[in-house]
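Residue strings, one per chain:
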Amino acid sequence: MRKLHDSWKPILTPEFKAPYFLDLVDFIKKEYEFQTCYPPKEQVFNAFTLCPLSDLKVVIIGQDPYHGVGQANGLSFSVNDGIAHPPSLVNIFKELQTDLGIPYPKSGDLSSWASQGVLLLNATLTVRAAEAGSHQKKGWEQFTDYVIKAISSENSDVVFMLWGGFARKKAKLIDSKKHLILESGHPSPLSANRGYWFGNQHFSKCNTFLKSKHKSPINWQLD
């Protein structure tokens with residue numbers, strides 16, 4: 001698995017030694033040995049590699065990695081270059097168009113957001129091919145809940161974007177006095193088409209908040 005950025009190690013290394021996490025590692029090793037799983041092993045911790053804790057400004061919480069061939073790259077909602085954009089990502093880009101006037105991008109790879117301080121965190125970091133939710137309730141959720149609480153405690157003035165019922169439940173882990181919590185429906189077609197996603201203006205609200213805290217805004221435009 002890919003090396004973490006050094007800034008995460010003081011917080012995450014003790015958690016890696018916890019009994020539940022050691023059990024999780026055993027499970028994941030067997031899954032990757034005997035099943036096809038995503039993302040590739042070297043990209044499982046991609047979110048923590050590309051977004052240093054010291055630079056973190058925004059957290060976007062997803063649920064599961066994509067489970068189709070070539071899609072998942074370790075960043076929530078992101079897909080590799082050349083891969084068709086999944087419906088939720090299409091709606092994210094449509095909201096960016098209306099919110100900030102950003103042209104619809106060719107690539108669905110969100111790595112450039114991560115490198116600017118956007119932690120694209122799935123609650124579950126791995127999945128078996130073509131089996132959504134297959135690695136849930138094995139320990140990943142406990143780990144990522146710990147990460148969210150640690151960010152809330154260690155950092156200040158972070159924007160948490162909670163999209164959909166699953167992500168919105170994470171609000172209880174976040175100190176709302178220290179951070180900005182933005183909530184809306186999920187960008188999936190089912191939610192978006194019912195009016196719970198489009199028009200939330202989370203991207204402009206995020207940048208307005210960051211500027212008010214004397215932080216550089218996120219350039220949401222992709223190449």
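Note: the structure precedes this text.
Residues numbered from 1 in each chain as written. Predicted model: local features only at pLDDT ≥ 70, side-chain atom pairs only at ≥ 80, totals over all residues. Heavy atoms only, no water.

Draft legend 1. Geometry of the pattern of salt bridges. Per the counting criterion, the structure on display carries five salt bridges. For E31, the salt bridge goes to R128, with nearest N and O atoms at 2.8 Å. Highlighted residues: E31 in helix α2 (residues 19-34) and R128 in strand β4 (residues 127-128), separated in sequence by 97 residues. Residue E31 is classed as buried on the basis of its relative accessible area of 8%. The salt bridge involving E131 is made with R128; its shortest N-O contact spans 3.7 Å. Given the relative accessible area of 36%, E131 is considered partly exposed. (Salt bridge = Lys/Arg side-chain N within 4 Å of Asp/Glu carboxyl O. Helix = DSSP H or I, 4+ residues; strand = E, 2+ residues; numbered from the N terminus. Buried < 20%, exposed > 50% of the residue type's maximum accessible area, 1.4 Å probe, protein only.)

Draft legend 2. Looking closely at the packing of aromatic side chains. Applying the stated criterion across every chain yields a total of 19 aromatic pairs. Seen from their ring centres, F16 and F45 are 5.9 Å apart, and the 70° between their planes marks the pair as edge-to-face. Residue F16 is located in helix α1 (residues 9-16), and its partner F45 is located in the loop between β1 (37-38) and α3 (46-50); the two are separated by 29 residues in the primary sequence. Taking relative accessible area as the criterion, F16 reaches 22% and is therefore assigned partly exposed. A relative accessible area of 6% places F45 in the buried class. Measuring from centroid to centroid gives 5.3 Å for F93 and Y104, while their planes differ by 85°, and the two rings are edge-to-face. Remark: Y104 occurs in the loop between α4 (87-100) and α5 (111-114) and F93 occurs in helix α4; sequence separation between them is eleven residues. Owing to a relative accessible area of 33%, Y104 belongs among the partly exposed residues under this scheme. One aromatic cluster is present, built from ring pairs that chain together W8, F16, Y20, F21, F45, F48, W140 and F143. (Phe/Tyr/Trp six-rings, centres within 6.5 Å; stacked < 30°, edge-to-face > 60°.)

Draft legend 3. Layout of the pairing of strand β2 (residues 58-62). Of all five residues in β2, five are buried; the element is thus mostly enclosed. On β2, burial covers both faces: V58, I60 and G62 on one face and V59 and I61 on the other are all buried. In this sheet, strand β3 (residues 118-122) lies alongside β2 in parallel orientation, the contact comprising five bridges. Residue pairing across strands places V58 opposite V118, the latter belonging to β3. (Pairing = 2+ DSSP bridges.)

Draft legend 4. Region of the structure containing the sheet that holds β3. The strand order β3-β2-β5-β6 describes an open sheet built from four strands, whose pairing is parallel. Where the open sheet ends on each side, the last strands, each with one partner, are β3 and β6 (180-184). Averaged over all pairs of adjacent strands, the angle between strand axes in this sheet comes to 20°, irrespective of strand direction. When strand β5 (residues 159-163) meets β6, the two strands line up parallel, connected through five bridges. Bridge pairing in β6 places L162 opposite E183. Strands in contact with helix α6 (residues 140-154) are β2, β3 and β5; relative to β3, the strand with the most contacts, it is inclined by about 155°. (Axes fitted to C-alpha atoms, helices over the stretch in contact; angles between N-to-C directions. Contact = heavy atoms within 4.5 Å.)

Draft legend 5. Molecular detail of α2. The end-to-end C-alpha distance of α2, which contains 16 residues, comes to 23 Å, matching closely the 22 Å that a straight helix rising 1.5 Å per residue would cover. Y20, F21, L24, I28, E31 and Y32 are the residues of α2 that are buried. When α2 is viewed along its axis, its buried side chains cluster within an angular range of 95° and face the same direction. In α2, those exposed residues whose orientation departs by more than 90 degrees from the buried face are P19, D23, K29, K30, E33 and F34. Against the buried residues of α2 lie α1, β1, β4 and α6. (Expected span 1.5 Å × (residues − 1). Arc of directions from axis to C-beta.)

Draft legend 6. A look at the packing of α2 against α6. Two numbers describe how α2 lies on α6: the axes approach to 9 Å, and their chain directions differ by 130°. By the angle between their directions, the pair α2 and α6 is classed as oblique. When the axes of α2 and α6 are compared, the crossing they make is left-handed. Residues Y20, F21, L24 and I28 of α2 form the contact with α6, whose own contacting residues are W140, Q142 and F143. (Parallel < 35°, antiparallel > 145°, perpendicular 65-115°, else oblique. Left-handed = near helix turned anticlockwise from the far one by under 90°.)

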